[in-house]
Amino acid sequence: MSTRDQILDSFETLIIDQGERSATLSAVAKAAGVSKGGLLYHFDSKQALARGLAERIEEFSHVETQRLRASEDPARQYLEESITLAEPIDRTFVALGGLALLDDYEVARSALSDADDRILTLFTELLGDRSIALLVVRLSDSFYQRAGVGIESSDEAADLESIMCLVDRLRRTSAEG
């Protein structure tokens, strides 16, 4: 892993575990195992670190887009993966979400908005209907939020199956209509 990635991982971890105020440049350097000068070589401020996370989410979302394009059932895959927070992209989303709540981090709000636009555009293309794409993406957001705060369904598999049946019915109706 590159030093830059170690620094960004440490920044994410500090934001997620302790909040933005704890993610000082000194704390990030210490957590990354680099000198403050080493950190400053890559990122000269917390805003630069936030831009680094914004770039990271853009890279992750491009990979995600390609992966979903190759999927047999991208809507199901996307929704299934929204039930847990297990991928590196998830940590970046959570960290950017924490920053986006603060006035000083427009870059975080913009990065999250851009990622949302990319995934919505993808599902509009793949599903052939913007309204159905909105349903899938916003349901994913809800699953993701619930997973982030530790709320689990008693039968997530059955819930997902019911939702996918509805999405399939809507797609058939849309194609007929």
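This structure is a prediction, so every number in the text was calculated from the model and none was measured.

Calculation notes
- Residues numbered from 1 in each chain as written.
- Predicted model: local features only at pLDDT ≥ 70, side-chain atom pairs only at ≥ 80, totals over all residues.
- Heavy atoms only, no water.
- Helix = DSSP H or I, 4+ residues; strand = E, 2+ residues; numbered from the N terminus.
- Expected span 1.5 Å × (residues − 1).
- Buried < 20%, exposed > 50% of the residue type's maximum accessible area, 1.4 Å probe, protein only.
- Contact = heavy atoms within 4.5 Å.
- Phe/Tyr/Trp six-rings, centres within 6.5 Å; stacked < 30°, edge-to-face > 60°.
- Salt bridge = Lys/Arg side-chain N within 4 Å of Asp/Glu carboxyl O.

**Student:** Can you walk me through helix 1 (residues 3-18) in this structure?
**Tutor:** For the α-helix, the turn length of 3.6 residues means that residues three or four positions removed from each other point alike. Taking 1.5 Å of rise per residue, the 16 residues of helix 1 would be expected to cover 22 Å, and the 22 Å separating its terminal C-alpha atoms lies within 8% of that figure. For helix 1, the set of buried residues is Ile7, Leu8, Ser10, Phe11, Glu12, Leu14 and Ile15. A positive phi of about 95 degrees marks Gly19, the residue just after helix 1.

**Student:** For this particular structure, what's the right way to read the side chain of Ser140?
**Tutor:** Inspection of the secondary structure assignment puts Ser140 in helix 8 (residues 130-148). Beyond its immediate stretch of four places on either side in the chain, Ser140 contacts Tyr78, Leu79 and Ser82.

**Student:** Before we go on, may I ask you to explain the packing of aromatic side chains in this structure?
**Tutor:** Any two aromatic rings considered together are summarised by their centre-to-centre distance and by the angle between their planes. This structure, assessed with the given rule, holds two aromatic pairs. Pairing Tyr78 with Phe123 gives two aromatic rings, centres 5.1 Å apart and planes at 50 degrees, and the pair type is tilted. One end of the pair, Tyr78, is in helix 5 (residues 74-82); the other, Phe123, is in helix 7 (residues 106-127), with 45 residues separating them in the sequence. Taking 6.1 Å as the distance between ring centres and 75 degrees as the angle between the ring planes, the aromatic pair formed by Phe93 and Tyr144 counts as edge-to-face. Of the two residues, Phe93 is situated in helix 6 (residues 88-100) and Tyr144 in helix 8; the sequence distance between them amounts to 51 residues.

**Student:** Would you take a moment to explain the pattern of salt bridges for this structure?
**Tutor:** Across all of its chains, the model carries 13 salt bridges by this definition. Across the salt bridge formed by Glu55 and Arg4, the nearest N and O atoms sit 2.7 Å from each other. In this pair, Glu55 sits in helix 4 (residues 46-69) while Arg4 sits in helix 1, placing the two residues 51 residues apart along the sequence. Under the relative-accessibility criterion, Arg4 is labelled partly exposed at 28%.

So, to be careful, I would describe these as geometric facts and stop short of saying anything about function.
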